[in-house]
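Structural overview for review
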Amino acid sequence: MSTEANAVWNECLRVIEQHVNEQSFSTWFKPIQPVKLVGTNLTIQVPSQFFYEWLEDNYVQVLKLAIKTTLGQGGRLEYAVVVDKGNSSNQPYVVSYPQGNQGAKNGKPGPAEEQSTTPFNLPSLNAETLTQSNLNPNYNFNTYIEGDCNRLARSAGFAVATKPGITSFNPLMVYGGVGLGKTHLVQAIGNEIKDGVDNKFVLYVSSEKFVNQFMDSIKDGNVKSFTNFYMQVDVLIIDDIQFLAGKDRTQEMFFHIFNHLHQNKKQIIMTSDCPPRDLKGLEERLLSRFKWGLTADLQMPDFETRVAIIRRKMQSEGIEIPADVVEYLAYTVDTNVRELEGILISLIAYASLDRVEISLELAKTVMKNIIKDIETEVGIDFIQKTVSEYYNIPLEDLKAKTRKKEIVTARQVAMYFSKEFTNHSLKSIGYHFGGRDHSTVIHAVQTVNDIMETDSNFRNSVNELKKKFKMRSY
Ligand SMILES: Nc1ncnc2c1ncn2[C@@H]1O[C@H](COP(=O)(O)OP(=O)(O)OP(=O)(O)O)[C@@H](O)[C@H]1O
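Just so we're clear, the structure is a prediction, and the values are computed from it rather than from any experiment. (Residues numbered from 1 in each chain as written. Predicted model: local features only at pLDDT ≥ 70, side-chain atom pairs only at ≥ 80, totals over all residues. Heavy atoms only, no water.)

**As for the overall build of the protein chain**
- The number of helices and strands found in the protein chain is 21 helices and nine strands.
- Put simply, the protein chain has 474 residues, and 47% of those count as buried.
- Across the protein chain, every contact between residues at least 6 apart in sequence was considered, and the portion connecting residues at least 24 apart equals 72%.
- Looking at the protein chain as shown, the accessible area adds up to about 23,300 Å², and 48% of this sits on carbon and sulfur atoms. (Helix = DSSP H or I, 4+ residues; strand = E, 2+ residues; numbered from the N terminus. Buried < 20%, exposed > 50% of the residue type's maximum accessible area, 1.4 Å probe, protein only. Contact = heavy atoms within 4.5 Å. Areas by Shrake-Rupley, 256 points an atom, 1.4 Å probe, with all protein chains shown as cover.)

**Focus: unusual backbone geometry**
- For the bond running from N170 to P171, omega is 5°, close enough to zero to count as cis.
- Along the chain, P171 falls in the loop between α6 (151–162) and β5 (172–176).
- Notably, D240 is not glycine yet its phi reads approximately 60°, a positive angle.
- Within the secondary structure, D240 sits in the loop between β7 (235–239) and α10 (248–263).
- By relative accessible area, which is 30% here, D240 ends up partly exposed.

**Remarks on the site of the ligand**
- Around the ligand lies a shell of 18 residues, among which I145, K182, T183, H184 and E341 are the nearest.
- K182 is positioned such that a nitrogen or oxygen atom in its side chain is 2.8 Å from an oxygen atom of the ligand.
- In the model, an oxygen atom of the ligand is placed 2.6 Å from a nitrogen or oxygen of the H184 side chain.
- The fraction of the free accessible surface of the ligand (640 Å²) that becomes covered by protein chains is 88%.
- Listing elements by their share of the shell around the ligand, those giving two or more residues are α7 (182–194) and α14 (337–353). (Near = heavy atom within 4 Å. Polar contact = N/O pair within 3.5 Å; in protein donor to acceptor, adjacent residues only side chain to side chain.)

**Some points on the UniProt feature "binding site: ATP" (unreviewed entry) in the protein chain**
- With numbering matched to this structure, UniProt assigns "binding site: ATP" (unreviewed entry) to G179, G181, K182 and T183.
- The topology assignment puts G181 in the loop between β5 and α7.
- In this fold, K182 is placed in helix α7.
- When neighbours within four sequence positions are excluded, K182 is seen to be in contact with V174, Y175, G176, G177, D240, T271, S272 and L298. (UniProt positions renumbered as here; feature names shortened; annotations may be inferred.)

**Focus: the pairing of strand β2 (residues 41–46)**
- As paired strands, strand β1 (residues 33–38) and β2 are joined by five bridges and run antiparallel to one another. If you follow K36 over to β2, its bridge partner there is T43.
- The turn joining β1 and β2, which pair antiparallel and follow one another in sequence, is formed by two residues; a positive phi near 60° is taken by G39. (Pairing = 2+ DSSP bridges.)

**Topic: the pairing of strand β6 (residues 202–206)**
- With respect to burial, β6 is a largely interior element, four of its five residues being buried.
- As paired strands, β6 and β7 are joined by five bridges and run parallel to one another. Within the sheet, the bridge partner assigned to S206 lies in β7 and is D239.

**So, the environment of E357**
- If you trace the backbone, E357 turns up in the loop between α14 and α15 (360–370).
- Judged by its relative accessible area of 69%, E357 falls in the exposed class.
- Distance in space between the C-alpha atoms of E357 and I321 is 8.6 Å, their sequence separation being 36 residues.

**What to know about α14**
- Helix length check: α14 (17 residues) gives 24 Å between terminal C-alpha atoms against 24 Å at 1.5 Å per residue, within 8%.
- Those residues of α14 not exposed but buried are V337, L340, I343, L344, L347, I348 and A351. Buried residues of α14, viewed axially, fall in a sector of 140°; they line one side. Exposed residues pointing more than 90 degrees away from the buried face of α14 are listed as R338 and L353.
- Its buried side turned inward, α14 meets α12 (303–317), α13 (323–332) and α15.
- Where α14 begins, one side-chain oxygen reaches toward the backbone nitrogen of R338, 2.9 Å away; that side chain belongs to N336. (Expected span 1.5 Å × (residues − 1). Arc of directions from axis to C-beta.)

**Re the packing of helix α18 (residues 405–421) against helix α20 (residues 438–454)**
- Packing of α18 against α20 brings their axes to within 8 Å, and their N-to-C directions diverge by 105°. One element, α18, and the other, α20, form an angle in the roughly perpendicular class. Side by side, α18 and α20 meet where Q412, V413, M415, Y416 and K419 of the first sit next to T440, V441, H443, A444, V445, T447, V448, N449 and M452 of the second.
- Here the residues of the contact of α18 with α20 sort into eight nonpolar, five polar and one charged. (Axes fitted to C-alpha atoms, helices over the stretch in contact; angles between N-to-C directions. Parallel < 35°, antiparallel > 145°, perpendicular 65-115°, else oblique. Nonpolar A, V, L, I, M, F, W, Y, C, P; charged D, E, K, R; others polar.)

**Focus on the pattern of salt bridges**
- Going through the model one piece at a time under the given rule, you end up with 10 salt bridges.
- Two residues, R151 and D148, come together in a salt bridge whose shortest N-O distance is 2.5 Å.
- A salt bridge links E420 to K466, with the nearest nitrogen and oxygen atoms 3.8 Å apart. Of this pair, E420 sits in helix α18 while K466 sits in helix α21 (residues 456–472); the two residues are 46 residues apart in sequence, bridging distant segments of the chain.
- Assessed through its relative accessible area of 38%, E420 is described here as partly exposed.
- Connected through salt bridges with shared partners, the residues E146, D148, R151 and R154 form a single ionic network. (Salt bridge = Lys/Arg side-chain N within 4 Å of Asp/Glu carboxyl O.)

**As for the packing of aromatic side chains**
- Enumeration according to the criterion identifies 22 aromatic pairs in this entry.
- Arranged with centres 6.2 Å apart and planes meeting at 55°, the rings of F258 and W292 form a pair that is tilted. Residue F258 is found in helix α10, and its partner W292 is found in the loop between α11 (284–290) and β9 (294–298); the two are separated by 34 residues along the sequence.
- Taken together, the aromatic side chains of W28, F201, F210, F214, F226, F229, Y230, F254, F258, F290 and W292 make up a single cluster linked through ring pairs. (Phe/Tyr/Trp six-rings, centres within 6.5 Å; stacked < 30°, edge-to-face > 60°.)

The structure is reproduced here in C-alpha cells:
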C-alpha cells in the first residue's frame, strides 16, 4: 500500500465520516484498503463484487464528494475487487476496474466507463442521494393517516419502531390488497427507527431486488458476502414477500438470514398481498416462522379516512379544494388509495392546464374521463341495486311479493329513495317494485320516516345510503 494513497484515503474518510452514520461508516468504509495513487487516480480495494455494487448504488455521491474534495475536479476513483470464487484454496484474487466491460451493470454505465472517461462532476447532495436504507423520507407516520382500516397494523408498527427486535411483533407481517399502504407503513417504521437515537442499520428491500441480488451473487461467486451483508442489518424490511413463491434457492437463503437475524433479536418486517396461510409456493418452514410474530392486515379506508387522506394530500401539495369535491371523490373512489391519489393528481393537472378552479363539475369530468362507465345518475335501478347490496338481499326479492320483514323494510327504503331522488311518479315507482300501487309507495315513505325517528341504527343506515345517492345526483 503506498503511503500517498493511504494519506489521500484518510482524507477521504474524514469527508465521508461527516456524511454517513457511524454504523454505515464502519460497515462500508473501514474495510476498504487504499491500493495506489497515480496522478489524481486513487485505487481502492473492496472485499467483494457485492460490496462494490452496494457502494456504487448507495454511496457514490459521498465518494465523489470525498474524491473531489481531496484530489480536486480531476480526481478519479478506481476499484480493485477481491473476488471470492468459493475455491477450496480460499485464495482471493483481484480484479481491477476499469477492465473491458466488467464495470457495466444492468445496462447502466459502471465505473469502467464512468471513470476512464469522465472526471467526477458533483450532483447536488441531498437527503435522498445520501440515503442508505432505500427509504423514502415522505413515507413516515405523520403522513400515514390512521383509520379503522389500519389501526392494528399501524399501532403494531409504531410499537416495533419504538423497540425494534424486542417486542413480540417479530417478525411483523403486514398484508393487504394492492395500493392500500403496505409500503408506506413499513417504510414509516423504518424511517422512525432510522431517525431514532440508536443508530440502527435499517434496510428496506423489495423481494424482487433481493432475489436479483441473490442470483447475481451466485453468478459472481459472492454468495458469502451477500449473506454476510444481510446478516449485519438491525432492521430488515422486505416488501412483497409473495414474490419469493417458487424461488426455492432464494427462500432457503432467506430462511438462514431470517433465523440469524431473529436469534440475534434483530427486527424483521415483511409485507405480502395476502395472509401467510394463503401464500402459495412458499416453504412450510418459512410460513411457520412468519407466524411467530404478528400478522396485521390493511383494509380499504372507510369514507372518513378517505376524506382525511385527500385533505392531507392536498395540504402537502399546497392546494385547497372545496369540501363538496373532497366528499365526491371520497365517495366515488373506493377501490384503493393509490387510485384515489392518481385521480387527485389528474384533477390538479386538469385544473392547472385549463387554468380553472377545482370544482365539482371538473371533478366529475375527470372521473368520467378516467372511469368511462361511471354512473352519475340516480335511477330506480341504481337505487334497487345499491339497497340490495347494502342489506345483502337478492335484487329480485326487492321486486317480488315476499313479505319477510327484512325484505319488506329494504323494499320500503328503496321506494323512499326512489321518491326522493328520481322524478318518477308514485305510480311508476310502484310499477318498478313488482307492480304495486301508489298507496303502497306513500305508505313506504311514511314508514321509513317513522322508524328513522325512533331507531338510531336504522336512521344511520338510511343516512349512509343517502350519502351514496346524494353524491351521484350532484
Ligand atoms: N393510510 C394512508 N395514509 C396516507 N397515504 C396512504 C395511506 N395508505 C396508502 N397511502 C398512499 O397510497 C399510495 C399507495 O400506497 P403503497 O404503495 O404503500 O401501497 P402498497 O399496499 O404497498 O401497494 P402494492 O400492493 O402495489 O405494493 C402511496 O402513495 C401511499 O402514500
